[in-house]
Amino acid sequence: MAKYLNPFTDIGFKRIFGQEFSKPLLIDFLNNLLEGEKKIVELKFLDKEQPAVYEGDRSLIYDIYCTTEKGENIIVEMQNREQPFFKKRSIYYIAESIARQGEKGPEWRYSIKAVYLVAFLNFSLEDIGEKFRTDVALMDMQSKELFSQDMRLIYLQL
């Protein structure tokens with residue numbers, strides 16, 4: 001039996017961050033990423049597989065999908081191999097997680113909870129440079145002020 005886990009494999013990554021016994025490690029990690037913004041006290045793991053909404057649609061499979069005690073969703077992904085469309089896929093993941101919060105029926109008051117995506121990348125995304133951490137949020141282009149806290153993408157290029 002192997003003595004060490006490779007965190008760049010699905011099994012190793014999910015074992016380190018995605019199980020009940022490792023939940024304190026994930027909470028500590030996320031709190032360090034979001035220090036000064038929010039403090040996560042508890043997480044609940046959600047089903048990583050989100051079925052297709054309608055026939056012909058694609059289902060989604062996240063590495064780790066969880067919710068905070070305030071109802072905010074957090075998607076944690078480990079991407080070992082370079083993918084040319086990873087940025088677009090991560091935006092799709094966030095958009096789908098927000099859209100699935102919609103209420104059934106004719107009225108929806110748009111009371112959505114924030115969705116965060118934390119992506120560990122074992123490669124560099126071409127158009128964001130070589131820096132280790134890139135934070136993406138919705139902002140006003142003129143004032144450069146935060147427009148909404150409902151979407152957040154954090155890319156960690158390992």
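Residues numbered from 1 in each chain as written. Predicted model: local features only at pLDDT ≥ 70, side-chain atom pairs only at ≥ 80, totals over all residues. Heavy atoms only, no water.

Draft legend 1. Quick peek at the overall build of the protein chain. For the protein chain, the count of helices and strands is three helices and eight strands. Reading the secondary structure of the protein chain in the N-to-C direction produces α-α-β-β-β-β-β-α-β-β-β. In the protein chain, of all internal contacts separated by at least 6 residues, the share reaching a separation of at least 24 is 56%. Approximately 10300 Å² of the protein chain is accessible, and the part contributed by carbon and sulfur atoms is 54%. (Helix = DSSP H or I, 4+ residues; strand = E, 2+ residues; numbered from the N terminus. Contact = heavy atoms within 4.5 Å. Areas by Shrake-Rupley, 256 points an atom, 1.4 Å probe, with all protein chains shown as cover.)

Draft legend 2. Broad picture of the nonpolar core. Judged by nonpolar contacts, the single largest core of 20 residues is most densely connected at Leu-26, Leu-30, Leu-43, Ile-74 and Phe-120. The leading source of residues in this core is helix H2 (residues 23-33), at four residues. Residues within four places of Leu-30 in sequence aside, it is in contact with Ile-40, Leu-43, Ile-74 and Val-118. Grouped together as the second largest cluster of nonpolar side chains are 17 residues, Ala-119, Leu-121, Ile-128 and Tyr-155 included. (Core = buried A, V, L, I, M, F, W, Y, C linked by side-chain atoms within 4.5 Å. Buried < 20%, exposed > 50% of the residue type's maximum accessible area, 1.4 Å probe, protein only.)

Draft legend 3. View of the pairing of strand E4 (residues 64-68). Counted residue by residue, E4 has five buried out of five residues, so it is predominantly covered. Burial along E4 is two-sided: the face carrying Ile-64, Cys-66 and Thr-68 and the face carrying Tyr-65 and Thr-67 are both buried. Both E4 and strand E5 (residues 73-79) contribute to a ladder of four bridges, which runs antiparallel. Residue Ile-64 lies in a different strand from E5, and its bridge partner there is Val-76. (Pairing = 2+ DSSP bridges.)

Draft legend 4. Structural detail: the packing of aromatic side chains. Taken as a whole, this structure holds eight aromatic pairs when the rule is applied. Pairing Phe-13 with Phe-120 gives two aromatic rings, centres 5.3 Å apart and planes at 70 degrees, and the pair type is edge-to-face. Of this pair, Phe-13 sits in helix H1 (residues 10-17) while Phe-120 sits in strand E6 (residues 115-121), placing them 107 residues apart in sequence. Both residues of the pair, Phe-13 and Phe-120, belong to the buried class. Consider the rings of Phe-17 and Phe-120, whose centres lie 5.8 Å apart with planes at 25 degrees: the pair is stacked. Placement of the pair is Phe-17 in helix H1 and Phe-120 in strand E6, with a sequence separation of 103 residues. In this structure Phe-120 comes out as buried when scored by relative accessible area, which is 9%. Each member of the aromatic cluster is reached from another via a ring pair, and the members are Phe-13, Phe-17, Phe-29 and Phe-120. (Phe/Tyr/Trp six-rings, centres within 6.5 Å; stacked < 30°, edge-to-face > 60°.)

Draft legend 5. Region of interest: the sheet that holds E5. One open sheet holds the six strands; their spatial order is E1-E4-E5-E6-E8-E7, and the pairing between them is mixed. This sheet does not close on itself; its edge strands, each paired only once, are strand E1 (43-45) and strand E7 (133-139). Averaged over all adjacent pairs, the angle separating strand axes in this sheet is 20 degrees, with direction ignored. Here H1 sits on the sheet and contacts E1, E4, E5 and E6; the angle it forms with E5, its principal contact strand, is near 145 degrees. Along the sheet face, H2 touches E1, E4, E5, E6, E7 and strand E8 (146-157) and points at about 120 degrees away from the line of E1. (Axes fitted to C-alpha atoms, helices over the stretch in contact; angles between N-to-C directions.)

Draft legend 6. Quick look at the confidence of the model for the protein chain. Model confidence for the protein chain is summarised by a mean pLDDT of 85, while 90% of its residues fall at 70 or above. Between the elements of the protein chain, mean pLDDT differs from a low of 64, seen in strand E2 (residues 49-50), to a high of 95, seen in E7. (pLDDT = per-residue confidence, 0-100.)

Draft legend 7. Quick look at unusual backbone geometry. The backbone of Lys-144 shows a phi angle near 65 degrees, a positive value even though the residue is not glycine. For Lys-144, a relative accessible area of 53% puts it in the exposed group.

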